[in-house]
Every structure is written in structure tokens, then in C-alpha cells.
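Here's the letter readout for the chains.
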Amino acid sequence: IAINHILESAIDLLSHRFEDISVILSLGDLVTITGYPIDLMHAFIAIIENSIEALGHQGKIEISTVLLNEEILVRIIDHGNEGIPKDIKNNIFEPFFTSKEKGTGLGLYQAHKTIVDNHDGTIDFESWPGTTKCSVSIPVRTSISDVEEP
């Protein structure tokens, strides 16, 4: 799997929703990894969609990748939002939890499941007024047997 390609495809799929949002890409030189590309695409779409919705169609999203210590690190940072309220931060990965009027509560739940359960990675959010940063770490795999079936 080429993570940079997945991120570029996710951005292309969501480009009609950016309106006055600028997207800044800083994609590092990465190795390909073994895993489930469609699941990862859905996970990154869910994270980026949350950024778009938090920004209200105006602001800036920075997406970066880097290979560090046999892990691919992906950061998705949005600027111009109110931040994730502290009282809900611990619930954002729970199934059916949503703070949106029309949300299903499944986007970040599925993203967490894909990244953590299916790719043995990590996902975390840091948030303060004006900025939310999502950090994803996925270990480099050498064979499909290293990855749990979804």
C-alpha cells in the first residue's frame, strides 16, 4: 500500500467539499506497506471529512507523512475550528457517538478500528481552540500474515 497515494486519492474524492479550505500537502518519501488499502482510504476520508465539517468550509488543512523508526506517521491538522470540546474527546471513537446534527457516529469509530485493530497502528487527536491535530501511526509490515483480517 502506498499511503501517500491513498491520501491523494482521498483528497481528490473530497475536493468538491473544500470550498474556501486550503489543503497543504507535505508528503515524505515512504515505503509501501502491507494492509487493506480500501479500509485505510475510508479511514482517512472519515478523518478529513471531520476536519472539513469542523472548519465550516473555511480554513486550512495540513496533511503530512513521514517514515520514522519503521512506522509511517500521518498528521492531519485543521486550522480555523473551535477544537474538540474536552468533555467529548474521550468519546470520539465510540460507535454511534456524534456531536453533529446529521452524523452517524461511525466515521471515527471505523477509522480507529481500521488503524488500530486491522493495521496495529495508533490514532490520536490533540485539540485546542483554533486547531485540531490527528496523528496516525502505522507500522511497516513485511507480509500480509503480519496484518489481522478485518
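Keep in mind that what you see is a predicted model, and the values were worked out from it rather than measured.

Engineer: Mind showing me how you'd approach the environment of Ala-111 here?
Structural biologist: Position of Ala-111 relative to the elements: it lies in helix α4 (residues 107–118). The class for Ala-111 is buried, based on a relative accessible area of 0%. Between the C-alpha atoms of Ala-111 and Ala-46, which are 65 residues apart in sequence, the distance is 6.8 Å. When neighbours within four sequence positions are excluded, Ala-111 is seen to be in contact with Ala-43 and Ile-47.

Engineer: Mind showing me how you'd approach unusual backbone geometry here?
Structural biologist: Where the residue is not glycine, phi is negative for most of them; where a peptide bond is considered, it is trans in most cases. Phi at Asn-69 is positive, roughly 50°, even though this residue is not glycine. Position of Asn-69 relative to the elements: it lies in the loop between β2 (58–68) and β3 (71–81). Among the residues examined, Asn-69 registers a relative accessible area of 69% and is labelled exposed. Phi is positive for Asp-120, close to 55°, though the residue is something other than glycine. Note on placement: Asp-120 falls in the loop between α4 and β4 (122–128). In this structure Asp-120 comes out as exposed when scored by relative accessible area, which is 52%.

Engineer: Sorry, what's going on with the packing of helix α1 (residues 3–14) against helix α2 (residues 37–55) here?
Structural biologist: Axes are the key here: two packed helices are described by the angle between their axes and the distance separating the axes. Their axes nearest at 9 Å, the elements α1 and α2 cross at an angle of 50°. Judged on the interaxial angle alone, α2 and α1 are oblique. Here the hand of the crossing between α1 and α2 comes out right-handed. For the pair α1 and α2, contact is made by Ile-3, Ile-6, Leu-7, Ser-9, Ala-10, Ile-11, Leu-13 and Leu-14 and by Pro-37, Leu-40, Met-41, Phe-44, Ile-45, Ile-48, Glu-49 and Ile-52, respectively. Here the residues of the contact of α1 with α2 sort into 14 nonpolar, one polar and one charged.

Engineer: Explain the confidence of the model for the protein chain to me, please; I cannot follow it from the model alone.
Structural biologist: A low pLDDT score tells you not to read the predicted coordinates there in detail. Taken over all residues, the pLDDT of the protein chain has a mean of 87, while the share at 70 or more is 87%. Taken element by element, the predicted model of the protein chain shows its lowest mean pLDDT in helix α3 (residues 86–89) (78) and its highest in α1 (96).

Engineer: Would you explain the nonpolar core in this entry?
Structural biologist: A general tendency of soluble globular proteins is for nonpolar side chains to be buried together. Ranked by internal contacts, the top residues of the largest apolar core, which has 35 residues, are Ile-3, Phe-44, Ile-47, Ile-48, Ile-76 and Val-136. Counting only elements with at least two residues in this core, the list comes to α1, α2, β2, β3, α4, β4 and β5 (130–139). For this core, the leading source of residues is α2, giving nine residues. Once residues within four sequence positions are removed from consideration, Val-136 is found in contact with Phe-44, Ile-47, Ile-72, Leu-73, Val-74, Ile-115, Thr-122 and Ile-123.

Engineer: Is there a simple way to think about the sheet that holds strand β1 (residues 20–27) in this case?
Structural biologist: Strands in a sheet are paired, the pairing made by backbone hydrogen bonds, and the direction either parallel or antiparallel. If you walk across this open sheet you meet the five strands as β1-β2-β3-β5-β4, and the pairing is mixed. Each edge of the open sheet carries a strand with a single partner, namely β1 and β4. Put simply, the sheet's adjacent strands are angled 10° from each other on average, direction ignored. Examined bridge by bridge, β1 and β2 share eight bridges and lie parallel to one another.

Engineer: Even after reading the chapter, I still don't get the packing of α2 against α4, so can you show me in this structure?
Structural biologist: Where α2 contacts α4, the two axes come as close as 8 Å, and the packing angle between them is 140°. Classified by the interaxial angle, the pair formed by α2 and α4 is oblique. Considering only the axes of α2 and α4, their crossing is left-handed. For the pair α2 and α4, contact is made by Asp-39, Leu-40, Ala-43, Ala-46, Ile-47 and Asn-50 and by Gly-107, Leu-108, Ala-111, Thr-114, Ile-115 and Asn-118, respectively.

Rules used in this analysis
- Residues numbered from 1 in each chain as written.
- Predicted model: local features only at pLDDT ≥ 70, side-chain atom pairs only at ≥ 80, totals over all residues.
- Heavy atoms only, no water.
- Helix = DSSP H or I, 4+ residues; strand = E, 2+ residues; numbered from the N terminus.
- Buried < 20%, exposed > 50% of the residue type's maximum accessible area, 1.4 Å probe, protein only.
- Contact = heavy atoms within 4.5 Å.
- Axes fitted to C-alpha atoms, helices over the stretch in contact; angles between N-to-C directions.
- Parallel < 35°, antiparallel > 145°, perpendicular 65-115°, else oblique.
- Left-handed = near helix turned anticlockwise from the far one by under 90°.
- Nonpolar A, V, L, I, M, F, W, Y, C, P; charged D, E, K, R; others polar.
- pLDDT = per-residue confidence, 0-100.
- Core = buried A, V, L, I, M, F, W, Y, C linked by side-chain atoms within 4.5 Å.
- Pairing = 2+ DSSP bridges.

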